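One-letter residues, chain by chain:
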Amino acid sequence: MADDDYVYDEASGEWISAADAAAATDATDPVEVRDSVGNLLADGDQVTLIKDLTVKGAGQTLKRGTLIKSIRLTGDAQEIDCRYDGIKGLVLRAEFVRKR
């Protein structure tokens, strides 16, 4: 990249040089998300519920042993984003799942 390249930093609301943006991206440590037994989770993993969970707003209970496919990490060490039939925007706590 040339020194005259600038990118918009949404966090600060300012234009910064591309070199500074690349350095800031490298400096941020990825959050480690671990399941109930300590396995490291990654985007796209499959997990199984370890207890029955009542889903607020959906009027539905997810049973123990339910398979959740293709999870996404949210940047929070305790939350994972996932999809399940009929439930949009499902966020689960990592302490209630086990990596499959």
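Residues numbered from 1 in each chain as written. Predicted model: local features only at pLDDT ≥ 70, side-chain atom pairs only at ≥ 80, totals over all residues. Heavy atoms only, no water.

**Comments concerning the sheet that holds strand 10 (residues 79-84)**
Phase 1 of the analysis: Spatially, the three strands line up as an open sheet ordered 9-10-11, and their pairing is antiparallel. Taken across any chain shown, the strands that pair with only one partner, and hence form the sheet edges, are strand 9 (72-73) and strand 11 (87-93).
Phase 2 of the analysis: As defined by bridge partners, strand 10 adjoins strand 11 across five bridges and the pair is classed as antiparallel. Paired with glutamate 79 across the bridge in strand 11 is arginine 93. (Pairing = 2+ DSSP bridges. Helix = DSSP H or I, 4+ residues; strand = E, 2+ residues; numbered from the N terminus.)

**So, the sheet that holds strand 8 (residues 67-68)**
Phase 1 of the analysis: Across the sheet, which stays open at both edges, the three strands sit in the order 8-5-12 with antiparallel pairing between neighbours. Looking at which strands have only one partner, the edges of the open sheet turn out to be strand 8 and strand 12 (97-99).
Phase 2 of the analysis: The pairing of strand 5 (residues 47-49) with strand 12 spans three bridges and is antiparallel. Bridging across to strand 12, leucine 49 finds its partner in valine 97.

**Overview of a positive patch on the surface**
Phase 1 of the analysis: Together, Arg64, Lys69, Arg98 and Arg100 make up a region of like positive charge exposed at the surface.
Phase 2 of the analysis: Assignment of secondary structure puts lysine 69 in the loop between strand 8 and strand 9.
Phase 3 of the analysis: With relative accessibility at 53%, the residue lysine 69 sits in the exposed group. (Patch = residues over 30% accessible without salt bridge, like charges linked within 9 Å, V, L, I, M, F, W, Y side chains within 5 Å. Areas by Shrake-Rupley, 256 points an atom, 1.4 Å probe, with all protein chains shown as cover. Salt bridge = Lys/Arg side-chain N within 4 Å of Asp/Glu carboxyl O. Lys, Arg positive; Asp, Glu negative; His and termini not counted. Charge placed at Lys NZ, Arg CZ, Asp CG, Glu CD. Buried < 20%, exposed > 50% of the residue type's maximum accessible area, 1.4 Å probe, protein only.)

Interpretation note: all reported values are geometric properties and have no functional meaning in isolation.
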